[in-house]
Amino acid sequence: MTSAVLTGEPLSAPHNAPLGRLLAAELRWVLRRPRTLVMLGLFALVPVLISIGVAVANRTPGPGAGLIGAIAGNGLVLPVAAMTLALALLLPLAVSMAAADAIAGEAAHGTLRGLLIAPVGRLRLVAMKAFGVLVVATLATLALAVMGVLAGLVVVGGADGQLVTLSGTAVGLGDALARVALVAVWTVWQLAAVGAVALAISSFTEHPLVVLASVLGGLIVFGVLSAIPALEWLQPYLLTSGWTAGADALRDPLPLDGMAESSLRALCYVAIGGGLTIHRMLRRDA
């Protein structure tokens, strides 16, 4: 260093690690956690258990039977029903756990300080943590969708590989799988909104349980508020409004208004949560 100053040579500035390497490291860290693997296994088990229950009950679907009742003899309804039901609580729980570990968990273990003073960049750090949360949301949703399709075709069966919609029409296997994929993408986007809010809370605390309690408590409160007729004017502002729109994929013709509206609402929550997270991380002391 002394020779560089005497000779007038510029000191080399620290270089940021490549973003691809950071994302790969975060992916390895997320997938190596035992809780993540156990959680994904449980999500894969959910549609299997539903299919076994439907097959054992051996009931024919009837009017007003709901999503679970519509699965009987119509196995391709299973993945949509599994994702719709899990979105009420199980999937947000998984995403909240990932977001709590991403920042608050790192702070609790004392490893966040090393990340903040490392030549990574605060914005890249936020992107890296958001990527990890999105990976968990995607894998959990895929576990429900893929195992739902397999369990629906193998265990439940029926409809000759077709999907009998709630409107009474039948669509082919390719169209049915496209509808399942649409619901999966829509579900991941809703979970991205939950993850953005959870990351924002995680950046303000060092206690992961605070993140879980705040997110799940907020979702429960949203559900209660949406059930009160006098507070119907609040519906457009509640994240959980429209979370049943995934079932619209089982109708013919396919209505997209509900999923489009809930996607725009989720975009607002992603922007707010992401903005708060970036604001906090840029000003957080190492």
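Residues numbered from 1 in each chain as written. Predicted model: local features only at pLDDT ≥ 70, side-chain atom pairs only at ≥ 80, totals over all residues. Heavy atoms only, no water.

Novice: So what's going on with the overall build of the chain? Residues and values would help.
Specialist: Counting its secondary structure elements, the chain contains 11 helices and two strands. Helices and strands in the chain line up, N terminus first, as α-α-α-α-α-α-α-α-β-β-α-α-α. Looking at the chain residue by residue over its 286 residues, the buried ones come to 42%. The contacts of the chain with a sequence gap of at least 6 include a subset with a gap of at least 24, amounting to 80%. When the accessible area of the chain is evaluated, it comes to approximately 14300 Å², of which 69% is carbon and sulfur surface. (Helix = DSSP H or I, 4+ residues; strand = E, 2+ residues; numbered from the N terminus. Buried < 20%, exposed > 50% of the residue type's maximum accessible area, 1.4 Å probe, protein only. Contact = heavy atoms within 4.5 Å. Areas by Shrake-Rupley, 256 points an atom, 1.4 Å probe, with all protein chains shown as cover.)

Novice: Describe the pattern of salt bridges, naming the residues involved and giving the relevant values.
Specialist: Note on pairing: side chains with opposite charge can pair once their charged atoms come close. Under the defined criterion, the tally for this structure stands at eight salt bridges. Here Asp101 ties to Arg35 by a salt bridge, and the two come within 3.0 Å at their closest N and O atoms. Note that Asp101 is positioned in helix α6 (residues 90-109) and Arg35 in helix α3 (residues 34-57), a separation of 66 residues in sequence. Residue Asp101 is classed as buried on the basis of its relative accessible area of 13%. Assessed through its relative accessible area of 47%, Arg35 is described here as partly exposed. One salt bridge connects Glu261 with Arg265, and the closest N-O pair in it is separated by 3.2 Å. In this pair, Glu261 and Arg265 both sit in helix α11 (residues 257-283), four residues apart, roughly one turn of the helix. Given the relative accessible area of 46%, Glu261 is considered partly exposed. Residues participating in the shared-partner salt-bridge network are Glu26, Glu106 and Lys129. (Salt bridge = Lys/Arg side-chain N within 4 Å of Asp/Glu carboxyl O.)

Novice: Can you break down the nonpolar core residue by residue, with the values?
Specialist: Counting residues in hydrophobic clusters, the biggest one holds 70 residues, and the most contacted among them are Phe43 and Ile71. When residues in this core are grouped by element, the largest group, 13 residues, is from helix α8 (residues 122-156). The contact partners of Phe43, leaving out residues within four places of it in the chain, are Leu90, Leu91, Ala94, Ala140, Ala143 and Leu144. (Core = buried A, V, L, I, M, F, W, Y, C linked by side-chain atoms within 4.5 Å.)

Novice: Before we move on, can you summarise the environment of Leu219 with the specific residues and values?
Specialist: Relative to the helices and strands, Leu219 is located in helix α10 (residues 208-226). Considering only alpha carbons, one finds Leu219 and Leu89, 130 residues apart in sequence, at a separation of 8.2 Å. When neighbours within four sequence positions are excluded, Leu219 is seen to be in contact with Pro92, Thr240 and Trp243.

Novice: Any chance you could break down the environment of Gly258 for me, citing the residues and the numbers?
Specialist: Tracing the chain through its elements places Gly258 in helix α11. Residues Gly258 and Ser241 lie 17 residues apart in sequence; the distance between their C-alpha atoms is 9.5 Å.

Novice: Which residues make up the packing of aromatic side chains, and what values go with them?
Specialist: Per the stated rule, a full pass over the model turns up zero aromatic pairs. Between the NZ or CZ atom of Arg33 and the centre of the ring of Trp29, over which it lies, the distance is 4.4 Å. If you follow Lys129 out to its NZ or CZ, it ends over the ring of Trp29, 4.9 Å from the centre. (Phe/Tyr/Trp six-rings, centres within 6.5 Å; stacked < 30°, edge-to-face > 60°. Lys NZ or Arg CZ within 6 Å of the ring centre and 35° of its normal.)

Novice: So, unusual backbone geometry: which residues are in play, and what are the values?
Specialist: Trans peptide bonds make up most of the peptide bonds, and negative phi angles are found at most residues other than glycine. Residue Asp252 is joined to Pro253 through a cis peptide bond whose omega torsion reads 0°. Examined against the element boundaries, Pro253 turns out to sit in the loop between α10 and α11.

Novice: I'd like a rundown of a nonpolar patch on the surface, residues and numbers included.
Specialist: Taken together, the side chains of Val38, Leu42, Leu45, Leu49, Ile52, Val56, Leu153, Val154, Val155, Leu173 and Leu177 define a hydrophobic patch exposed on the protein surface, amounting to about 990 Å² of accessible area. Residue assignment for the nonpolar patch shows that the elements contributing at least two residues are α3, α8 and α9 (173-203). With six residues, α3 is the largest single contributor of residues to the nonpolar patch. Mapped onto the elements, Val155 comes out in helix α8. (Patch = residues over 30% accessible without salt bridge, like charges linked within 9 Å, V, L, I, M, F, W, Y side chains within 5 Å.)

Novice: Explain the side chain of Ser241 residue by residue, including any values.
Specialist: Looking at the element boundaries, Ser241 is found in the loop between α10 and α11. Within the structure, the side chain of Ser241 is placed 2.8 Å from the backbone oxygen of Gln235, a separation counted as a polar contact. Those residues in contact with Ser241 that sit more than four places away from it in its chain are Gln235, Ser262 and Arg265. (Polar contact = N/O pair within 3.5 Å; in protein donor to acceptor, adjacent residues only side chain to side chain.)

Novice: Tell me what's going on with the environment of Leu254, and back it up with residues and numbers.
Specialist: Tracing the sequence through the fold places Leu254 in the loop between α10 and α11. The partly exposed category is assigned to Leu254, whose relative accessible area is 29%. What Leu254 contacts, discounting residues up to four positions off in sequence, is Arg179, Leu182, Asp248 and Ala249.

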